[in-house]
Structure formats: C-alpha cells, structure tokens
Amino acid sequence: MYFAIIGEDVTDSLSLRLAARPAHLQRLEQLKTEGRLLLAGPFPVLHDDASLTSFSGSLIVADFGSLEACQAWANADPYVAAGVYSQVTIKPFKPVLP
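A short tour of the structure in this document, coming up.

## Focus: the environment of leucine 31
And step 1. Within the secondary structure layout, leucine 31 lies in helix α1 (residues 14-33).
And step 2. A residue is classified by how much of its surface remains accessible, and leucine 31, at 1% relative accessible area, is buried.
And step 3. For the pair leucine 31 and phenylalanine 64, spaced 33 residues apart in sequence, the C-alpha separation works out to 9.7 Å.
And step 4. For leucine 31, the contacting residues outside a window of four places in its chain are Arg36, Leu37, Ala62, Phe64 and Trp73.

## Things to note about the sheet that holds strand β3 (residues 54-63)
And step 1. Sheet architecture is open: 4 strands sit in the order β2-β3-β1-β4, paired in antiparallel fashion. At either end of the open sheet lies a strand with only one pairing partner, and these are β2 (37-45) and β4 (85-93). Strand-to-strand twist in this sheet, taken as the mean axis angle between neighbours without regard to direction, amounts to 15 degrees.
And step 2. Two elements, strand β1 (residues 2-9) and β4, share 8 bridges in a ladder whose sense is antiparallel. Counterpart to glycine 7 in the pairing with β4 is valine 88.
And step 3. Lying on the sheet, α1 is in contact with β1, β2, β3 and β4; it crosses β3 at an angle near 15 degrees.

Reading guide: rules and limits
Residues numbered from 1 in each chain as written. Predicted model: local features only at pLDDT ≥ 70, side-chain atom pairs only at ≥ 80, totals over all residues. Heavy atoms only, no water. Helix = DSSP H or I, 4+ residues; strand = E, 2+ residues; numbered from the N terminus. Buried < 20%, exposed > 50% of the residue type's maximum accessible area, 1.4 Å probe, protein only. Contact = heavy atoms within 4.5 Å. Pairing = 2+ DSSP bridges. Axes fitted to C-alpha atoms, helices over the stretch in contact; angles between N-to-C directions.

Distances and angles like these do not, on their own, reveal function.
Here is the structure:
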C-alpha cells in the first residue's frame, strides 16, 4: 500500500537540510531501486524576489507493507535525526492519475 509521508520543516531549516541531504537522498534512491517510490520532493517557499532558497517541508509517496513499516522508515529518516522536520504526518495514499 502507498503512504504519503509529509514532513513539516522547522524555521530556517536550509542548513540542516543541506547537511543531511546526501543521506536522505540515499534512502530515497534505495526505495526507487526497489520499485517502491512513487514520488518525492520538497515544498519550496517562493520569496518576493522569486528565489527558492528555503523549504516548508517535503512529500514522499512510497509503497510499504504496513503503516508500522512506513512509520519506522520515516522515523529513521536523516532529516528527522537532523531536526529538519518539526512534525511528520503519514497518511494512506491511493494513486489515481496519471
């Protein structure tokens, strides 16, 4: 079953994100290699000057055997360990389109 993992960033998370990003991406690549990753990416904050230099959170949609397995995977995310996220929400997800 697919689950959406929604991470909400702490204020001024960019330096924390950059430090933990390689390990975070490595775990996402593993899901992709296993054919379990549907999509993943950050929520950029658009500033008045149209720059995208900060983020408000992230979304990962991936296939896990259970809610508990998804929660365990999310809890072990390097962004969680680095304090990037103030909160992580997990919801079942049903792909419809495309």
